[in-house]
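# Close look at the chain arrangement
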There are 2 protein chains.
Amino acid sequence: MADEVKLFRTWSSPFALRIVWALKLKGIEFETIFEDLANKSSLLLQNNPVHKKVPVLVHNGKSVCESFVILEYIDETWTNGLPLLPKDPYERAEARFWAKFSDEKLWLSARGILFGVETEQAEARLQAIQNLQYLEEQLKGRKFFAGETIGFLDLAVGWMANLLSVLEEITGYVLIEEVKFPLLWKWMQDFSDVPVINESWPSRDKLVIKFQTMRDSYLAGKI
Amino acid sequence: MADEVKLFRTWSSPFALRIVWALKLKGIEFETIFEDLANKSSLLLQNNPVHKKVPVLVHNGKSVCESFVILEYIDETWTNGLPLLPKDPYERAEARFWAKFSDEKLWLSARGILFGVETEQAEARLQAIQNLQYLEEQLKGRKFFAGETIGFLDLAVGWMANLLSVLEEITGYVLIEEVKFPLLWKWMQDFSDVPVINESWPSRDKLVIKFQTMRDSYLAGKI
């Protein structure tokens, strides 16, 4: 029996994009179900009753939620093709550690920049720069975080490669400059040059509008 | 060369306790370094410069941080002895999903009960009960979350087996009653009956004093 693979996502979710990339990198055929989070489908609620969010992977009728959990599931289920995590337990631990770090610390500081004003925005920027310095360190001697090819951590932080520039356009803050973060700067180019990655980017114009609207609404509600 | 395994912990950290249990269940000898978080050792800061917190596992000089990352590292490094995660990718995904859920949702609602007053405490309690219902479901037909023996998710939510009663004593809210959560109630007994588990519990009296003091300080700062 052929595998039946479905992915619930939105057009813009950076967390869902990780799964799109992973499936494509592994050469797995899948059906995409686009969700409108303002009007969630009953199928989404049925497949992710706990968090009611995307991404959800449904494989032969069984659902897997949470993007890192899905990435590990994909890697352990489809062991042929590109491995996402390395074999060595210590390297696996490093990839998991930095992925979690990025989702918690870096993502939070990026949000702080997007939704902050004045002092809090400046503080979030300092935090973001400190967090990016940690990631810069991880790229020493490597093209991608996983080495010569893309892996788990590359997919985990892949959102940076286009969302940071969207953030920069909206807020005027430039985070990754070549002179300050040469390795991350080059990684952003190399990562974006991979066909599987760049063919899946959401429209940049639409992202700018989306995040600008989010910022405006948030600030309007705050004042 | 024999493995050199060191664990940085505190006497009370429920996250570090997971690692104590895992190492003991696997039969791995290790040295314990007790930290005072008010006066962190330079060795701790050196081994966990990013988060500066416990637990940290140092294996042959290499440090691993974040309790779930450490649990997976232990499972993948010492493959003899009790496996923490099952073999089946879907069951592994389930264990990881519920572990994450418990650390985010359940832990947060427990904190809300500890630090909340009146309405917010009542809301946190409702959340906690809803979260516990999800976990109750996971125990259907199983003695432990991992089946007949303790596994990853049991260690992840192991803190419930003593901290919930500490919370109950301090706040007067009883969360896990036999009549409402028969499976969780029985799991708490079965889990606590395992020698490796109960020989490692911190002193209950000290925990009550610690959390009572934390609650008092928090509320005093708030008023």
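Quick notes on the rules
Note on numbering: residues in each chain are counted from 1, in written sequence order. Chains and ligands are labelled by the order in which they are written, letters from A for the one and numbers from 1 for the other. Reporting of local features is limited, given that this is a predicted model, to residues whose pLDDT is at least 70; pairs of side-chain atoms are given and counted only at 80 or more, and all residues count toward the totals for whole chains, interfaces and linings. Working from all heavy atoms in the structure, the side-chain values ignore hydrogens and water. Any pair of residues with heavy atoms lying within 4.5 Å of one another is described as a contacting pair. Accessible surface is computed with a 1.4 Å probe, and the buried area is the amount of it that two parts give up when combined, taken over both parts together. Salt bridge, as used here, is a side-chain nitrogen of Lys or Arg placed within 4 Å of a carboxyl oxygen of Asp or Glu. Under this definition, polar contacts are N or O atom pairs within 3.5 Å; protein pairs additionally need one hydrogen-donor-capable and one acceptor-capable atom, and for neighbouring residues in sequence, both atoms have to be side-chain atoms. Only DSSP runs of H or I covering at least 4 residues are called helices, and only runs of E covering at least 2 are called strands; the numbering of each starts at the N terminus. We call a residue buried when its accessible area falls under 20% of the maximum for its residue type, exposed when it is over 50%, and partly exposed in between, using a 1.4 Å probe and counting protein chains only. The atoms used to superpose the copies are C-alpha atoms, taken from residues with pLDDT of at least 70 in both, and the fit is least squares. What marks off one domain from the next here is an automatic or database domain assignment. Only Asp, Glu, Lys and Arg are considered charged in this grouping, and only Ala, Val, Leu, Ile, Met, Phe, Trp, Tyr, Cys and Pro are considered nonpolar; every other residue, Gly among them, is considered polar. Nonpolar cores are built from buried Ala, Val, Leu, Ile, Met, Phe, Trp, Tyr and Cys residues. Side-chain atoms within 4.5 Å join them into one set. Only C-alpha atoms enter the line fits that serve as axes; for helices the fit covers just the stretch in contact. Angles between N-to-C directions range over 0 to 180 degrees. Oblique is the label for any angle not under 35 degrees, not over 145, and not in the 65 to 115 range, which are roughly parallel, roughly antiparallel and roughly perpendicular in turn. Less than a right angle of anticlockwise turn of the near helix away from the far helix marks a crossing as left-handed, whereas a clockwise turn marks it as right-handed.

## Some points on the interface of chain B and chain A
- Taken together, the contact between chain B and chain A spans 25 residues of the former and 25 residues of the latter.
- Buried surface at the junction of chain B and chain A, both sides included, amounts to about 2400 Å², of which 67% is carbon and sulfur.
- Three residues stand out in chain B for area buried against chain A, namely Val50(B), Tyr90(B) and Phe97(B), and they jointly supply 26% of the buried area on that side.
- Connecting chain B to chain A are eight salt bridges.
- One salt bridge connects Glu76(A) with Arg96(B), and the closest N-O pair in it is separated by 3.0 Å.
- In this structure, the connection of chain B to chain A is made through twelve residue pairs in polar contact (both at pLDDT 80 or more).
- For the side of chain B that touches chain A, the elements supplying multiple residues, two or more each, are strand E4 (62-65), helix H3 (67-77) and helix H4 (89-115) of chain B.
- Sorting elements by how many residues they give to the side of chain B that touches chain A places H4(B) first, with eleven residues.

## Re helix H3 (residues 67-77) of chain A
- Judged by how many residues are buried, H3(A) sits mostly within the fold: ten of eleven residues are covered.
- For H3(A), the complete set of buried residues consists of Ser67(A), Phe68(A), Val69(A), Ile70(A), Leu71(A), Glu72(A), Tyr73(A), Ile74(A), Asp75(A) and Glu76(A).

## Considerations on the relation of the copies chain B and chain A
- Overlay of chain B on chain A (RMSD 0.0 Å): rotation 180 degrees, translation along the axis 0.0 Å. The transformation relating the two chain copies, once decomposed into turn and shift, fits a two-fold axis.
- Looking at the interface residues of chain B, 100% of them are also at the interface in chain A, so both copies use one shared face.

## What about the domain arrangement of chain A?
Residues and elements named next belong to chain A.
- As assigned here, chain A comprises domain 1 (5-77) and domain 2 (89-222).
- Summing both partners gives a buried area of about 1800 Å² for domain 1 against domain 2, and 71% of it is carried by carbon and sulfur.
- Summed over the three residues of domain 1 that lose the most area to domain 2, namely Trp-11, Trp-21 and Phe-68, the buried surface amounts to 38% of that side.
- For the interface between domain 1 and domain 2, the tally reads three salt bridges.
- Looking at the side of domain 1 that touches domain 2, the elements with two or more residues in it are helix H1 (14-26) and H3.
- Per-element tally for the side of domain 1 that touches domain 2: the top contributor is H1, with nine residues.
- The class makeup of the residues in the side of domain 1 that touches domain 2 is ten nonpolar, one polar and four charged.

## Section: the nonpolar core
Residue and element names in this part refer to chain A.
- The biggest cluster of nonpolar side chains holds 77 residues, and the ones touching the most others in it are Ile-74, Leu-135, Met-160, Leu-175, Leu-184, Trp-187 and Phe-191.
- Broken down by element, this core gets its largest block of residues, eleven residues, from helix H4 (residues 89-115).
- Leave out the neighbours within four places in its chain, and Trp-187 touches Leu-139, Lys-143, Phe-144, Phe-145, Asp-154, Val-157, Gly-158, Met-160, Ala-161 and Ser-192.

## Here's the deal with the packing of H3(B) against H4(B)
Residue and element names in this part refer to chain B.
- Relative orientation of the contacting elements H3 and H4 amounts to 150 degrees, with a least axis distance of 12 Å. In terms of their interaxial angle, H3 and H4 are classed as roughly antiparallel. Every pair of crossing elements has a handedness; the one defined by H3 and H4 is right-handed. Each of Phe-68, Glu-72 and Glu-76 in H3 lies in contact with H4, whose residues at this interface are Arg-92, Arg-96, Ala-99, Lys-100 and Asp-103.

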